[in-house]
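# Report on the structure
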Amino acid sequence: MSKLEHKRILLKFSGESVAGNEKQGIDPKILDGMASSVKSCRELDAEIGIVIGGGNLFRGEKLNKAGMDRVAGDHMGMLATVMNGIALRDSLERAGIKTRVMSAISMSGIVEHYDRRLAIQLLSDGYVVIFTAGTGNPFFTTDTAGCLRAIETQADLMLKATRVDGVYDSDPEINKDAKFFDALSFDDAISKNLKVMDATALTLARDHGLPINVFNVNNHSALKDIICGKKIGTLIS
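The shown structure was predicted, so the numbers you read here are calculated from the model rather than taken from an experiment. (Residues numbered from 1 in each chain as written. Predicted model: local features only at pLDDT ≥ 70, side-chain atom pairs only at ≥ 80, totals over all residues. Heavy atoms only, no water.)

### Considerations on the nonpolar core
Formally: Note on terminology: a nonpolar core comprises buried Ala, Val, Leu, Ile, Met, Phe, Trp, Tyr and Cys residues joined through side-chain atoms within 4.5 Å. Only protein chains enter the calculation, and the probe is 1.4 Å; a residue is then buried if its accessible area is under 20% of its type maximum, exposed if over 50%, and partly exposed in between. Secondary structure counts use DSSP, requiring at least four H or I residues in a row for a helix and at least two E residues in a row for a strand, with both numbered from the N terminus. By the convention used here, residues are in contact when the closest approach between their heavy atoms is within 4.5 Å.
Core analysis: the largest hydrophobic core is formed by 36 residues, its most contacted members being Phe13, Val38, Ile50, Leu88 and Leu92. Elements represented by at least two residues in this core include exactly strand 1 (8-13), helix 2 (28-42), strand 2 (47-52), helix 4 (70-94), strand 5 (128-132), strand 6 (157-162) and helix 9 (222-227). Leave out the neighbours within four places in its chain, and Ile50 touches Leu10, Leu11, Phe13, Val38, Leu88, Leu92, Val128, Val129, Ile130 and Phe131. If you look at the next biggest cluster of nonpolar residues, it comprises 28 residues, including Ala150, Ala155, Leu184 and Leu194.

Next up, the structure:
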């Protein structure tokens, strides 16, 4: 049996990754693939928190540029993350994984309101906990929410799933000569403006000593391999 290098992790999925090739909406096959990866880690007794974005359903930034109030747009984006969280919970539960969804915005009867102490207890009891609605405040990304929840729940590592193999100096889907980084310091990631996360998220992780591993969501064994200590993707520390 594989030995865990990281006992408690926070996994960050983008909303776009949930949509698959369609770029919008929810692809059940993608969710089932995510659930399978998470299940392989739970079978090793890893404790897993998840933050999921909402860009596949709604992007407040785009409508803000078209004239919509930024706060209204961000609130709508938070609701989109709750929808994705409920969909992911369904896939996880069908895979036999105990799962709870928590929201930073109170939605009684739909999902639970975020409670840090309860979240830590649920993680210790073997539940996968999905954190939705971002931080509950406008102007903060779900990457920042992921770092915040990881720090609050005392995670050993944050893993960010992307459509590429890690961090590059430019978009490898556009530039075939993009340079890959297998490791980066937080200061380099911020100063080089590499777009892997916003500066607020990276600064928060740096200041609290939270390492971040960026990997390809399409590599279904990557999650299990990383928590067992294998070097995959890009480590920011």
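### A few points about the pairing of strand 10 (residues 212-216)
Across a regular strand the side chains alternate sides, sitting on one face of the sheet and then on the other. Condition: Whether two strands pair comes down to DSSP finding at least two bridges between them.
Counting buried positions along strand 10 gives 5 out of 5 residues, so the element sits mostly inside the fold. Burial of the side chains of strand 10 extends over both faces: Ile212, Val214 and Asn216 are buried on one face and Asn213 and Phe215 on the other. Note that strand 6 and strand 10 share 5 bridges and pair parallel. Directly across from Thr162, in strand 10, lies its bridge partner Asn216.

### Observations concerning the packing of helix 6 (residues 142-152) against helix 8 (residues 199-207)
So the rule is basically this: What counts as an axis is a line fitted to C-alpha atoms, over the stretch in contact for a helix, and the angles between N-to-C directions run from 0 to 180 degrees. Any angle from 65 to 115 degrees is called roughly perpendicular, while one under 35 is roughly parallel, one over 145 is roughly antiparallel, and all others are oblique. Note: crossing handedness is left-handed where the near helix turns anticlockwise from the far helix by less than a right angle, and right-handed where it turns clockwise. Gly counts as polar in this scheme, as do all residues outside two lists: the nonpolar Ala, Val, Leu, Ile, Met, Phe, Trp, Tyr, Cys and Pro, and the charged Asp, Glu, Lys and Arg.
Axis separation between helix 6 and helix 8 bottoms out at 8 Å; the angle between their running directions is 15°. As judged from the angle between their axes, helix 6 and helix 8 are roughly parallel. When the axes of helix 6 and helix 8 are compared, the crossing they make is left-handed. Two secondary-structure elements touch here, helix 6 through Asp143, Thr144, Cys147, Leu148 and Ile151 and helix 8 through Thr200, Ala201, Leu204 and Ala205. Classifying every residue of the contact of helix 6 with helix 8 by side-chain character gives 6 nonpolar, 2 polar and 1 charged.

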